[in-house]
Amino acid sequence: MDALSHRVKVFVFQQSGGDVQYLILRHVPKHETLWGPVEGPILPSENLELAACRRVRDQLGLERPVSLVDLNMPERWTLPQENVVEWTFGYRVERGIELRRVSREVSDYRWDEFEPAFRAMELQGNRDAILRLHLLVTSAR
């Protein structure tokens, strides 16, 4: 029987009026070194929102979002002997926030407007998620 694991991926963004910037990361080479969001496992004691906030705190040192947006688009994929369900969130931070405690798990990061961030995403699931987030936050103005 295959194991089932749950993970979060979290797109950190800042917004001022119609101007939205997304924080994209490269993780230390393990499996791949693609640009993407904060990501990681959900602990057995956590709900989805707590896991999203913990991963951002662990990887970037940010304590609290201005708002947390559930993108309502779980993605399921299969690895050898493991089924994975990934839950995706947007994590809004104050405009101009400085990252002071970036984890050693992160090899590089940058703030981008939507178009360059979207183009930097090589995985289709990440492209779908950042597009959905962008449409949600820009239509809410």
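Relevant structure appears above.
Residues numbered from 1 in each chain as written. Predicted model: local features only at pLDDT ≥ 70, side-chain atom pairs only at ≥ 80, totals over all residues. Heavy atoms only, no water.

What follows deals with helix α1 (residues 48-60). For α1, with 13 residues, the first-to-last C-alpha span of 18 Å sits near the 18 Å given by 1.5 Å per residue. Buried within α1 are the following residues: A51, A52, C53, R54, R55, V56, Q59 and L60. In this fold, the buried residues of α1 make contact with β1 (3-16), β2 (19-27), β4 (38-41), β5 (67-70), β7 (82-93) and β8 (106-113). Between the side-chain oxygen at the start of α1 and the backbone nitrogen of E49 there is a gap of 3.1 Å, and the oxygen is on N47. Where α1 ends, the next residue or the one after it, G61, has phi of about 80°, a positive value. (Helix = DSSP H or I, 4+ residues; strand = E, 2+ residues; numbered from the N terminus. Expected span 1.5 Å × (residues − 1). Buried < 20%, exposed > 50% of the residue type's maximum accessible area, 1.4 Å probe, protein only. Contact = heavy atoms within 4.5 Å. Polar contact = N/O pair within 3.5 Å; in protein donor to acceptor, adjacent residues only side chain to side chain.)

On the secondary structure map, R54 appears in helix α1. Among the polar contacts listed, one links the side chain of R54 to the backbone oxygen of P41, at a separation of 2.7 Å.

Attention now moves to the environment of H134. Secondary-structure assignment places H134 in helix α3 (residues 124-139). According to the relative accessible area criterion, H134 is buried, its value standing at 16%. When residues no more than four places from it in sequence are discounted, the contact partners of H134 are Y22 and F114.

To continue, consider the nonpolar core. Ranked by size, the top nonpolar core spans 18 residues in total, and within it V10, V12, V38, V56, L60, L62 and Y91 carry the most contacts. Put simply, the parts of the chain that give this core at least two residues each are β1, β2, α1 and β7. Top element by residues in this core is α1. It accounts for 5 residues. Judged by nonpolar contacts, the second largest core, of 15 residues, contains W35, M121, L133 and V137. (Core = buried A, V, L, I, M, F, W, Y, C linked by side-chain atoms within 4.5 Å.)

A few words now on the environment of E49. With respect to the secondary-structure elements, E49 resides in helix α1. On the accessibility criterion, E49 (37% relative accessible area) is partly exposed. Along the sequence, E49 and Y22 sit 27 residues apart, while their C-alpha atoms lie 19 Å from each other. When neighbours within four sequence positions are excluded, E49 is seen to be in contact with L68 and F89.

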